[in-house]
Amino acid sequence: MSNISFKEKAIRAIVKSSIVAYANGFSTRHLSEVNDENGVINMKIHNIFIAALGPEIQYYSALARSLDSSLGICLRIWQFE
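Each value, and the rule that gives it
- Residues numbered from 1 in each chain as written.
- Predicted model: local features only at pLDDT ≥ 70, side-chain atom pairs only at ≥ 80, totals over all residues.
- Heavy atoms only, no water.
- Helix = DSSP H or I, 4+ residues; strand = E, 2+ residues; numbered from the N terminus.
- Buried < 20%, exposed > 50% of the residue type's maximum accessible area, 1.4 Å probe, protein only.
- Contact = heavy atoms within 4.5 Å.
- Areas by Shrake-Rupley, 256 points an atom, 1.4 Å probe, with all protein chains shown as cover.
- Phe/Tyr/Trp six-rings, centres within 6.5 Å; stacked < 30°, edge-to-face > 60°.

(A) Spatial organisation of the overall build of the chain. Of regular secondary structure, the chain possesses four helices and zero strands. Starting at the N terminus, the α and β elements of the chain follow one another as α-α-α-α. Dimensions of the chain along its principal axes, counting C-alpha atoms only, are 55 × 25 × 25 Å. The proportion of buried residues among the 81 residues of the chain is 20%. Across the chain, the fraction of contacts at a sequence separation of at least 24, relative to all contacts at a separation of at least 6, is 32%. In the structure as shown, the chain presents an accessible area of about 6600 Å², 65% of it carried by carbon and sulfur atoms.

Following this line, the structure appears as structure tokens:
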């Protein structure tokens, strides 16, 4: 039983460190590009349908879409490792 517990702890530690590394990279990338017109957020923020809802929703929507696509790419990479 202790062997299973050790394996589970190891898996949880790997997953946690991967998630933390991913989140830090995602945050750093978007914060560094906030004033870049060609940055990820600024390229995704210009959606005429979302713009009608206001700047907060516009930014949140762009960030969520960026997170979704970035996480999807990350999961595909992890799948083949």
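(B) Representation of the side chain of H30 within the structure. Checked against the element boundaries, H30 lands in helix 1 (residues 2–32). The class of H30 is buried, set by a relative accessible area of 6%.

(C) Region of interest: the packing of aromatic side chains. One pass over the full model with this rule turns up one aromatic pair. Centroid distance Y22 to F26: 6.1 Å. Interplanar angle 25°. Geometry classified as stacked. Note that Y22 and F26 are positioned in helix 1 at a spacing of four residues, about one turn of the helix. In this structure, Y22 and F26 share a single accessibility class: buried.

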